Amino acid sequence: MADPAKTKLGRMLLDEISPVVMVLRTPLVEESCRENELSLIEMLTPYCNFSNIDVPVRTASDQPYRLRRFKLRLFYASEIRKRSSEAAKDRLNQVITHAGDTELSELCSHPAEIESVIACSEQELVPPWFQDFNKELIDAVAFSEHESFDHPVACLLAVSTKDKGPIDKFVDLFNTNQLPPLLNNGAMDPKILKYFLLVHDSRDGTLEKATGIMAEMRSTFGVNDCRLLCINSAVDGTEEHQENPWASYKNNASSDKQLGCFLSVDDIEELRNTMHDLSSKHIIPHMEMKIRVLNQQVSATRKGFRNQIKNLWWRKGKEDVPDNSDGYTFSSTESQIRVLGDYAFMLRDYELALSNYRLISTDYKLDKAWTHYAGVQEMMGLAYFMLDQSRKDAEYCMESAFSTYLKIGPSCGWNVTRCGIWWAEMLKARDQFKDAAGVYFRISGEEPLHSAVMLEQAAYCFLLSTPAMLRKYGFHLVLSGDLYKKYDQIKHAIRTYKGALSVFKGTAWSHIRDHVHFHIGKWYAILGVFDEAIKHMLEVLACGHQSKATQELFLKDFFQIIQETGKTFEVLRLQLPVINFSSIKVVFEDHRTYASSSAVSVGESLWQSLEEEMIPSLSGTKTNWLELKPKILPKKYKESNVCIAGEAIKVEVSFRNPLQIPISISNVSLICKHSAECDEPESDNGSLVEYQNGTELRTLSVNGGSSLDTSLFNLSEADISMLGGENILVQLTVTPKVEGTLKLVGVRWKLSGSVIGVCNFDSDIIRKKVAKGKRKPKQPVKDNLQFLVIKSLPRLEGEIHDLPGTVYAGDLRRITLELRNPSKISVKNLKMRISHPRFLNIAAQEVMNLEFPTCLIKHESSSQSSKQADTPEASSTVYVFPETTSSSWEIPAKWPLWFRAAADGNISLCITIYYEMEDGSSVITYRTLRMHYNVEVLPSLEVSLRISPSPSRLHEFLVRMDVANRTSSENFKIHQLSCVGDQWEVSLLQPIESVFSLGFLMAGQALSCFFKLKVCVEV
């Protein structure tokens, strides 16, 4: 450990255990001093602390030593009395309240990261006002009868030269009516050192009168005990002091006068010399003499084996009585030994002080004078510390004093606190921060507001421990903040809670983190700092881990704070509801268009395989339409997505309510950024939200109204109500109106009609449902949300009518394909390809006007030319529509299709229709319409045939047909068995009634029937 005198406790002991000087003055002296906005004591105090007084001191031993640091404490006689408990509490509360009157800008600062907090030193970490608070706690037990270091060592009597009869005034000042109780009740020796000070106000005339009074004083009171002090030599009162020595001792000076404005440089030097003379030539020598005299008396009566046995025998014969401070007067041996120890301590002879404390400690314990005993144990612990000896003995003495004070009861409550503060500082000086925290916690059970300060100091000790105990640091700050708030110290409560927040932020301790954020938000709202209140309340909105009642409380208080502001707030990354970014899908159409949402979900590779035979062949280096027009598209947007003006871009956003209670979301829409010029993508239309300096909260307006520019694009809006824990997929659209560039920025919504939430998209996690073709350069992910908007193009709309969702295997149906062209621009070169031609095939146009199944009859009269004109041509599986039907379609065009359920199972039918633009000026010369349908084919009849030659006839065969109904509930009626072609003739070998007794085949039923098959002879 470093030099104990240089530690915080060492400096504290120098301030608190130092000689007390009682000051008596006349009103005229005080009046002259008040001209400088100072009292007499305030004027003298800066010159009572000597950092290098360099005075030789010889106490009990013959070996002198030099005293370097020394301090006097000045008090008026009226102040030398123990404070009442109420007065002490008021003083402490004033310190706390004054410390809490900080600027709101400091209170609203962001909490530091825990790593930087851990790196702070104790001086940087602990609030500076703690020192003032601890001093007030120690002063609360000052001037106790059982502790002589607070008893006046000397008396300073000050009389003005303007007083009538100055000599008589000096005599009258030391009147018993004005003296403190300690001098009147026998607790201390009234015969103390007196120092007579004659104060002369230089504005009242020359020194002739003062010189005469001084001569009379010296003849009356002694030559060495009198001194003349001249003040107010600066007549004009404009004296300025660059380093004002009184500023740190007096903070409430009036604004129109400077402290010490009438004190010249000579006056200040005179003040310094006066206090130096009082200390070095009077008080220190007086204390030396007192120590030597008392030491001789104690040595004669108490030291030595014979005296100790005598004292022990005498004390055992005394009656056991409880602690009574009136039992020891200043003349008693015990009091004399205590004075000897305290004087030695104040003159830094800690060995002598410790030996006398040990001597008197036994006496007090035998006498059961527990208050005196605890006080001596306390001083022994401090003496051990200043000697830097035996940590164990020092801590034992402090523990003994602390425990004894506690046993005495409430009357020693302030002594408990003072002992605890000194003990904690002792442990901190030895880097025993964890033990110091335990001491602070033990003294936190006293006055609740004071306990808040102690718990906060304990928290800092846990942080300064090695290793840092972060959880205990945060926990004790929370306990401290609760006590601060209980006594309306809201700013202190916020400060401690924000300190705890640096611990809990980013951890899994969600419940305590919510508690901290919630209360900080409520307390900021009480102070009227609504922006900060809302920021913290926003942190607890998505509290799915809390109980339902807690969630309702958080939401209710949050909306109440919003209502109190009378404003509308826009919050970036509002946590309610939660957006699942990984599931966001962007759906748009360029040359690829979709007839339904199910077509969008089909893999792009399947569509490409269907379309590759229809799209005109390209060279190996030009594999998509973007590369066909390199001069038309700006180079900057060759890798951009392309959309068409007037066609919607769809964004599917998944919202999740993390709470157990329902919430309402309104005005859900996209946030987009549009630029009419391709070369100026940074300009926007007012719908882009920008946040400056990392701010995530901004005020929109008092009434919450906001207007968006709809001349560039249209946005869809949705209102949803979400139950607790519900997930809802919302499809939002933006439809650009003019050419340019469009950027999908994010999504905006309003929570319960109170707060606007804004969430910006991260293009790294947005999935696009578009094809990339076979271009060589891979599109950068950052362009996923940016689009090049080109002029309007024709877009075919398609639908298949009468296509069943569920059919039985073998079912044959005629269905209708309907195509519409809402655009005024015609299309041409229509082609179609089907993924499953076994199930779906195109029919002749004339089938549209015939009834089913008569349309199945083959008409021999149909001309070949008519067939070619009305039926699409088939090349492999690509069907080319006739040119006569590819003009501008003002009415829908309908084509018949044959659907045959060829096999059971779930069938995914993909149909793509290719068409080209009549207007070839666009960068897109063709488009495709993608259609998708799911059909479930159920099992129906299972038929097997076995043919064998007839044994009796050469051109006949016997046919056995086994039929089984594989359905679970359907019954089928079999109408006929037919042969393909006209070369065969089939007939039953037995009546139909014998085969189908019920007229139909029941579900699950199987049977066999026999036929005769013969070759037909042409006539």
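Shown above is the structure to which this text applies.
Everything numeric here is computed off the predicted structure, so don't read it as measured data. (Residues numbered from 1 in each chain as written. Predicted model: local features only at pLDDT ≥ 70, side-chain atom pairs only at ≥ 80, totals over all residues. Heavy atoms only, no water.)

> Can you lay out the overall build of the chain for me, pointing to particular residues and giving the numbers?
When helices and strands are tallied, the chain shows 29 helices and 38 strands. Looking at the chain as a whole, 49% of its 1019 residues qualify as buried. Restricting to contacts in the chain with at least 6 residues of sequence separation, those with at least 24 account for 75%. Just so you have it, the chain exposes about 48,700 Å², and 50% of that area is on carbon and sulfur atoms. (Helix = DSSP H or I, 4+ residues; strand = E, 2+ residues; numbered from the N terminus. Buried < 20%, exposed > 50% of the residue type's maximum accessible area, 1.4 Å probe, protein only. Contact = heavy atoms within 4.5 Å. Areas by Shrake-Rupley, 256 points an atom, 1.4 Å probe, with all protein chains shown as cover.)

> Describe the nonpolar core, and please don't skip the residues or the numbers.
Grouped together as the largest cluster of nonpolar side chains are 201 residues, with contacts concentrated most on Ile283, Phe345, Tyr473, Phe655 and Leu744. If we ignore the near neighbours within four places in the chain, the residues touching tyrosine 473 are Ile114, Val117, Ala459, Tyr460, Phe462, Leu463, Gly499 and Val503. Judged by nonpolar contacts, the second largest core, of 31 residues, contains Ile800, Leu830, Ile907 and Val937. (Core = buried A, V, L, I, M, F, W, Y, C linked by side-chain atoms within 4.5 Å.)

> Which residues make up the sheet that holds strand β35 (residues 941-949), and what values go with them?
Spatially, the four strands line up as an open sheet ordered β35-β36-β38-β37, and their pairing is antiparallel. Two strands in the sheet have a free side with no partner beyond their single neighbour: β35 and β37 (984-988). Recorded for the sheet is a direction-independent mean angle of 30 degrees between the axes of neighbouring strands. As judged from the nine bridges shared by β35 and strand β36 (residues 956-965), these two strands associate in the antiparallel manner. (Pairing = 2+ DSSP bridges. Axes fitted to C-alpha atoms, helices over the stretch in contact; angles between N-to-C directions.)

> If you had to explain the pattern of salt bridges to someone new, which residues and values would you point to?
Any two side chains of opposite charge can pair, on the condition that their charged atoms come close. One pass over the full model with this rule turns up 44 salt bridges. Note that aspartate 54 is salt-bridged to arginine 66, the shortest N-O span being 2.6 Å. Taken as a pair, aspartate 54 in the loop between β2 (49-50) and β3 (55-57) and arginine 66 in strand β4 (residues 65-67) lie far apart in primary sequence, 12 residues in all. Between arginine 833 and glutamate 613 there is a salt bridge, and its shortest N-O distance comes to 3.5 Å. A residue pair is termed long-range when its members are at least 10 positions apart, and arginine 833 in strand β28 (residues 827-834) and glutamate 613 in the loop between α27 (604-611) and β14 (641-644) qualify at 220 residues. Within the structure, one salt-bridge network assembled from shared partners comprises Asp590, Arg592, Glu604, Glu611 and Arg930. (Salt bridge = Lys/Arg side-chain N within 4 Å of Asp/Glu carboxyl O.)

> Go over helix α25 (residues 548-565) with me, naming the residues and quoting the values.
Helical periodicity: at 3.6 residues per turn, an α-helix aligns residues three or four positions apart in one direction. Compared with an ideal rise of 1.5 Å per residue, which puts 18 residues at 26 Å, α25 spans 26 Å between its outermost C-alpha atoms and is within 8% of the ideal. Along α25, the residues classified as buried are Gln551, Phe554, Leu555, Asp557, Phe558, Phe559, Ile561, Ile562 and Thr565. Close packing links the buried residues of α25 with α23 (510-527), α24 (530-538), β10 (568-572), β16 (663-675), β21 (740-751) and β22 (755-760). Directly beyond the C-terminal end of α25, a positive phi value near 70 degrees is found at glycine 566. (Expected span 1.5 Å × (residues − 1).)

> Explain the packing of helix α4 (residues 85-100) against helix α8 (residues 129-139) to me, using residue names and the numbers behind them.
Between α4 and α8, the least distance of the axes is 9 Å, while the angle of their chain directions is 175 degrees. Comparing their axes, α8 and α4 come out roughly antiparallel. Residues Arg91, Leu92, Val95, Ile96 and Ala99 of α4 pack against Trp129, Asp132, Phe133, Glu136 and Leu137 of α8. For the contact of α4 with α8, the class distribution of residues is seven nonpolar, no polar and three charged. (Parallel < 35°, antiparallel > 145°, perpendicular 65-115°, else oblique. Nonpolar A, V, L, I, M, F, W, Y, C, P; charged D, E, K, R; others polar.)

> Go over the environment of isoleucine 520, please, and point to the residues and values.
Looking at the secondary structure, you find isoleucine 520 in helix α23. Classification of isoleucine 520 by relative accessible area gives buried; the value is 0%. Remark: the alpha-carbon pair of isoleucine 520 and isoleucine 534, spanning 14 residues in sequence, is separated by 9.7 Å. Not counting chain neighbours up to four residues away, the residues in contact with isoleucine 520 comprise Tyr497, Lys498, Leu501 and His536.

> So what about the packing of aromatic side chains? Which residues, and what values?
Given two aromatic rings, one states the distance between the centres and the angle between the planes to describe the pair. For the structure shown, the criterion picks out 23 aromatic pairs. Where tyrosine 328 meets tyrosine 364, the ring centres are 5.3 Å apart and the plane angle is 80 degrees; that geometry is what we call edge-to-face. Here tyrosine 328 is found in the loop between α13 (305-316) and α14 (333-346), whereas its partner tyrosine 364 is found in helix α15 (residues 350-366), with 36 residues between them in sequence. Judged on exposure class, the residue tyrosine 328 and its partner tyrosine 364 are both buried. Members of the aromatic cluster, joined through ring pairs, are Trp129, Phe130, Phe133, Tyr460 and Tyr473. One residue, arginine 25, lies across the ring of tyrosine 76, its end atom 3.7 Å from the ring centre. Positioned above the aromatic ring of phenylalanine 262 is the side chain of arginine 203, whose terminal nitrogen or guanidinium carbon lies 4.8 Å from the ring centre. (Phe/Tyr/Trp six-rings, centres within 6.5 Å; stacked < 30°, edge-to-face > 60°. Lys NZ or Arg CZ within 6 Å of the ring centre and 35° of its normal.)

> Describe in detail unusual backbone geometry, supporting the description with residues and values.
Here the residue pair threonine 466 and proline 467 is connected by a cis peptide bond, since its omega of -5 degrees sits within 30 degrees of zero. Look at the link from leucine 576 to proline 577: it is a cis peptide, with omega at -5 degrees. Relative to the helices and strands, proline 577 is located in the loop between β10 and β11 (578-579). With a phi close to 70 degrees, aspartate 802 is a non-glycine residue in the positive phi region. On the secondary structure map, aspartate 802 appears in the loop between β25 (797-801) and β26 (806-808). A relative accessible area of 56% places aspartate 802 in the exposed class.

> If you had to explain the pairing of strand β1 (residues 20-25) to someone new, which residues and values would you point to?
Counting buried positions along β1 gives five out of six residues, so the element sits mostly inside the fold. By the bridge criterion, six bridges tie β1 to strand β7 (residues 152-160) in an arrangement that is parallel. Note that in β7 the partner of methionine 22 across the bridge is cysteine 155. Bridge count for β1 against strand β6 (residues 73-76) is four bridges, and the pairing is parallel. By the bridge assignment, valine 21 is partnered in β6 with leucine 74.

> Report on the sheet that holds β6, specifying residues and quantitative values.
Here we have five strands laid out as an open sheet, ordered β6-β1-β7-β8-β9, and parallel in their pairing. Each end of this open sheet is capped by a strand with a single partner; those strands are β6 and β9 (226-231). The average angle at which neighbouring strand axes cross in this sheet is 30 degrees, direction not considered. Bridge analysis of strand β8 (residues 193-201) against β9 gives six bridges, and the strand direction is parallel. Within β9, the residue paired with histidine 200 across the bridge is cysteine 230.

> Please give an account of helix α21 (residues 470-486) that cites residues and values.
The end-to-end C-alpha distance of α21, which contains 17 residues, comes to 25 Å, matching closely the 24 Å that a straight helix rising 1.5 Å per residue would cover. Every buried residue of α21 is accounted for by Tyr473, Gly474, His476, Leu477, Val478, Ser480, Gly481 and Tyr484. After α21 finishes, the residue aspartate 488 shows a positive phi value of roughly 60 degrees.

> Tell me about the pairing of β14, residues and numbers included.
Alternating positions in β14 separate into two faces, Asn641 and Cys643 on one and Val642 and Ile644 on the other, with burial throughout. Across four bridges, β14 lies against strand β24 (residues 786-790) in parallel orientation. Paired with valine 642 across the two strands is leucine 788, which belongs to β24.

> Please provide a residue-by-residue account of the environment of phenylalanine 957, values included.
When you line up the elements, phenylalanine 957 lands in strand β36. For phenylalanine 957, a relative accessible area of 24% corresponds to the partly exposed category. In this structure the C-alpha to C-alpha distance between phenylalanine 957 and isoleucine 947, which are 10 residues apart in sequence, comes to 6.6 Å.

> Describe a nonpolar patch on the surface, naming the residues involved and giving the relevant values.
Taken together, the side chains of Leu941, Val943 and Leu945 make up a nonpolar region of the molecular surface, amounting to roughly 250 Å² of accessible area. By the secondary structure assignment, leucine 945 is in strand β35. Classification of leucine 945 by relative accessible area gives exposed; the value is 52%. (Patch = residues over 30% accessible without salt bridge, like charges linked within 9 Å, V, L, I, M, F, W, Y side chains within 5 Å.)

Without other data, these values stay purely geometric and don't point to any function.
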